[in-house]
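Inside the fold
Residues per chain, in single letters:
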Amino acid sequence: MADYSIHVLEYSYVPKYHKSGVLYGAHNQGYVKLPYCYVLIKGRGHVALVDVGYNHKDYGKHLADKFGVENWRSPKVVLAEMGLTPEDVDTVFISHAHFDHFGSVEDFPNATFYIQREEIEKWVWAMSLPDRLRWMMIAVDPSDILRGVGLAAEGRLRTVDGSLEDVLPGIDLHLAKDSHTFGSMWVTVRNDGKATSEDVWVLAGDLVYQFTNLKNDGSVVGVDTMYTPVGLALGSQMNLLLATEEMMKQVGYDDRRVIPIHEEGLADRFPSRITGEKLRISEICLADGSASVVA
Amino acid sequence: MSRTPFHASHCDVWDLPPPPEADARLAHVEPGDEAMQRYRSGVRPVYETLARVMAQLSGLFLLRLTGGGRALQLDHPMFGVACDQLAAGRDDLRALAVPAAATRHHAALSLMAGHLAAAAQAMDRLAASRGAAPDEDGKRGVLRQLHAAQGLLIAAAEPDAGITPIDFSHACCSCGSAVRLKAAR
């Protein structure tokens, strides 16, 4: 029995991204494609997303011209491939407050948003620090925080303290404190709805960028494979690894069930297709009775 | 007239001096225009301070709105810090020498600082970080001031001159610029 269908929906990409940004310590190893995606979870009467992409209205051209971000498509266009509209989305889990995850909140007028309280509190603190500590303020758009205020005023933003079980039936939220960001969050789907599930999927946000973060060559330390953190840790690499261990534990150490959204290789592991907009849809799993959208 | 992707700073919705006749984009200051060059280098840290104050006030208000009965962990000291930084930013803004071509830009930031001050005062009046849940009118008042500040923050952005509300330099997309620079050589 599977309650939810899960799809990773690409909405933009960077064709050439330093591999060292994806994998800690991978210096001078060239570039990889970095897809920008959000995750759609649909079932049990809910349409939920993990993250919403960046606010193209404000930054799209700048990102394209200066940073090589290509082929952005709106949530309306991306979701249309799934037979949905942004208005259909009732729940959004924000994995962290970086601009490319927390930007397009205005496109989802009927959604209730969830974000870790730790993420907001510490950003506020970081914003107060002197310029010599500016590195701690990277990639956060003050306007996104303000958009969050608008959501809160409408009663559509919930701040979460740590773990929260069954925020939707069978869907749990977990805090990875001081890791990729101050209060990064991952989403766990117990797809059989059981408390001790045998069908768990973890949607990792930016705690894991790609498969190599979960299974990297460990020969340098005399093991077959080892976890290796992503390149950007505002908190610590240690906390990233501990979060990785916790996520892997939840899926019974089946690394196929931890889903990294910046992974181009999802297409090799899961049924996928390229849309008419030249963006990828990867089908992680299907709810009972649901038809494939990639076949 | 700005051709940046962010905004239309010439838009009449802003209560600002009329745009100068000459193209006043800060990213394309003529080599001999030392007054504009000084203004550009001087205004950037002020812009960033105001952007950060906006984020702090917004974040504190968000936490207040979503906190239920729980007290903020970073409550009063952070509000005070934001107010102090705003005061310092306004002082720095006033101290800038403003060439004619930058009058509108400077006025936008002054106006923005005023909205932030008004937002902070409204939050204080509401005791937004001190106890009782803010009433609807009070919430709307703070939001109105913060949104006005946000509009001006975007209107005064000059991303090609490095004046942008977001530091993209270490963001997920940041290496694209290096790739492009390399390819252009």
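Look up: the structure comes first, before these words.
Since this is a predicted model, take the numbers as computed values, not measurements. (Residues numbered from 1 in each chain as written. Chains lettered and ligands numbered in written order. Predicted model: local features only at pLDDT ≥ 70, side-chain atom pairs only at ≥ 80, totals over all residues.)

Turning our eyes to something else, we now look at the overall build of chain A. Looking only at helices and strands, one finds eight helices and 15 strands in chain A. A compact globule built from 295 residues should have a C-alpha radius of gyration of about 19 Å, and chain A, at 18 Å, falls within 12% of that. Dimensions along the principal axes, computed over C-alpha positions, put chain A at roughly 50 × 50 × 40 Å. For chain A, buried positions account for 55% of its 295 residues. Across chain A, the fraction of contacts at a sequence separation of at least 24, relative to all contacts at a separation of at least 6, is 62%. (Helix = DSSP H or I, 4+ residues; strand = E, 2+ residues; numbered from the N terminus. Rg over C-alpha atoms; globule rule 2.2 N^0.38 Å. Buried ≥ 20, exposed ≤ 12 C-beta atoms within 10 Å, placed from the backbone. Contact = placed C-beta atoms within 7 Å.)

When you go through chain B residue by residue, the secondary structure sums to five helices and zero strands. Burial analysis of chain B (185 residues in total) assigns 46% to the buried set. Pairs at least 24 residues apart make up 76% of the contacts formed inside chain B by residues separated by at least 6 positions.

Residues and elements named next belong to chain A. Pairing analysis gives four bridges linking strand β1 (residues 5–18) to strand β15 (residues 280–285), with the strands arranged antiparallel. The partner of Ile6 across the bridge, within β15, is Cys285. Where strand β14 (residues 272–274) and β15 come together, three bridges link them in antiparallel fashion. Bridge pairing in β15 places Ser272 opposite Ser282. Counted between consecutive antiparallel strands, the loop separating β14 from β15 contains five residues, among which Lys278 sits at a positive phi close to 65°. (Pairing = 2+ DSSP bridges.)

Here we come to the packing of helix α3 (residues 103–125) of chain B against helix α4 (residues 136–155) of chain B. All names here are of chain B. Where α3 meets α4, the axes come as close as 8 Å, and the angle between the chain directions of the two elements is 160°. In terms of orientation, α3 lies roughly antiparallel with respect to α4. The handedness of the crossing between α3 and α4 comes out as left-handed. In contact with Ala108, Leu111, Met112, His115, Leu116, Ala118, Ala119, Ala122 and Met123 of α3, α4 contributes Gly138, Gly141, Val142, Gln145, Leu146, Ala148, Ala149, Leu152, Leu153 and Ala155. (Axes fitted to C-alpha atoms, helices over the stretch in contact; angles between N-to-C directions. Parallel < 35°, antiparallel > 145°, perpendicular 65-115°, else oblique. Left-handed = near helix turned anticlockwise from the far one by under 90°.)

Moving on, we come to helix α7 (residues 237–250) of chain A. Residues and elements named next belong to chain A. Taking 1.5 Å per residue, 14 residues should reach 20 Å; α7 reaches 20 Å between its end C-alpha atoms and fits that length. Buried within α7 are the following residues: Leu240, Ala243, Thr244, Met247 and Gln250. Here the buried residues of α7 occupy an arc of 120° about the axis, which is enough to place them on one side. With respect to the buried face of α7, the exposed residues turned more than 90 degrees away are Met238, Glu245 and Lys249. Where α7 is buried, its residues touch β8 (171–177), β9 (183–190), β10 (200–203) and β13 (258–259). With its phi angle positive at about 65°, Gly252 sits one or two positions after the end of α7. (Expected span 1.5 Å × (residues − 1). Arc of directions from axis to C-beta.)

Note that every value here comes from positions in space, so none of it alone points to a role or purpose.
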